[in-house]
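Each chain, written out:
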Amino acid sequence: MSRAPEGINFSASEIEAARKLFAGPVAFLLGAAGLDQLPPPDVPEVAFAGRSNVGKSSLLNALVGRRALARTSNTPGRTRQVNFFGLGPQAAPFLYLADLPGYGYARAAKSEIAAWTALVEAYLKGRPNLRRVMLLIDARHRIKPSDLRIMKMLDAAAVNYQIVLTKIDKLKAADHHGAAKWALEDSKSMIARHPEILATSAIKGWGIEELRATVAALAAG
Ligand SMILES: Nc1nc2c(ncn2[C@@H]2O[C@H](COP(=O)(O)OP(=O)(O)OP(=O)(O)O)[C@@H](O)[C@H]2O)c(=O)[nH]1
Ligand SMILES: [Mg+2]
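Residues numbered from 1 in each chain as written. Chains lettered and ligands numbered in written order. Predicted model: local features only at pLDDT ≥ 70, side-chain atom pairs only at ≥ 80, totals over all residues.

Novice: Talk me through unusual backbone geometry; I want residue IDs and the actual numbers.
Specialist: Of note in the backbone geometry, N53 takes a positive phi value of approximately 75° without being a glycine. In this fold, N53 is placed in the loop between strand 2 (45–50) and helix 2 (56–64). Classification of N53 as buried rests on a count of 21 C-beta atoms within 10 Å. For K167, which is not a glycine, the phi torsion comes out positive at approximately 55°. Among the structural elements, K167 can be located in the loop between strand 6 (161–166) and helix 5 (176–186). (Helix = DSSP H or I, 4+ residues; strand = E, 2+ residues; numbered from the N terminus. Buried ≥ 20, exposed ≤ 12 C-beta atoms within 10 Å, placed from the backbone.)

Novice: Summarise the sheet that holds strand 4 (residues 95–99); cite the residues concerned and give the values.
Specialist: Strands pair in a sheet through their backbones, by hydrogen bonds, and they do so in one of two ways: parallel or antiparallel. What the seven strands build is an open sheet, ordered 1-3-4-2-5-6-7; its pairing is mixed. Looking along the sheet, the strands with just one partner apiece sit at the ends: strand 1 (26–32) and strand 7 (198–199). Of the pairings in the sheet, the one linking strand 6 to strand 7 comprises two bridges and is parallel in character. Counted as the bridge partner of L165 is A199 from strand 7. Contacting strand 2, strand 5 (130–138) and strand 6, helix 4 (residues 145–156) runs over the sheet at an angle of about 165° to strand 5. (Pairing = 2+ DSSP bridges. Contact = placed C-beta atoms within 7 Å. Axes fitted to C-alpha atoms, helices over the stretch in contact; angles between N-to-C directions.)

Novice: Quick one: what's the story with the pairing of strand 3 (residues 82–87), residue by residue and with numbers?
Specialist: Of all six residues in strand 3, six are buried; the element is thus mostly enclosed. Side chains of strand 3 alternate between two faces, with V82, F84 and G86 and N83, F85 and L87 buried alike. Pairing analysis gives six bridges linking strand 1 to strand 3, with the strands arranged antiparallel. Among the inter-strand pairings, V26 is bridged to a residue of strand 3, identified as L87. Pairing analysis gives five bridges linking strand 3 to strand 4, with the strands arranged antiparallel. If you follow F85 over to strand 4, its bridge partner there is L97.

Here it is as structure tokens:
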């Protein structure tokens, strides 16, 4: 069984229930390039946001246990639309997962940044079924101004969000605890931030059970 370096404690039955939930069908629903293309807000939704290349698509794939559901790449800034995945029977999914385009890509054109900002801000502010935004932060880097900007936007819109550290396998084991500590420290003034930080590695499978249990609780609650 995989262990999270910074475990949040779920009971064995919660972990098992979440595993079962995510073992069922999951399918790509649609990619929305504009607000008029979003799926109807009829079931709970959890979104994955973060800087370009932070590992959003990889974490989504690990979460649903499918290798290539969400496209991953070595080319930063590849995901340009909000990609939606439906969990459960295709005709009646019970949860949507939203893969947001990454921000903070240094080589992006100004017009692209403006388009990203418009789409993501409008989506985050106006999505009534959005239960939580998982805000992914590369465990090797500290929280950047662009991360704080999106946290402030979420605070202002009263959208609940949780910091999820990614690529924890790239740190020495001795540094795992420190990464969660600085992430808390760097974001302590944020209001709507969930107090617990999840530490994950999509490649090693670390923290994935806990992430599943967290998302399962949001789908149910
Ligand atoms: N070592 C390690 N590498 C990872 C992990 N997760 C993702 N990566 C790598 O990081 C790169 C980017 O991963 P993606 O999942 O495509 O990142 P993304 O955030 O979806 O990127 P954009 O959609 O372009 O913003 C890929 O080369 C992945 O293989 C992880 O847990 N550990
Ligand atoms: Mg992606």
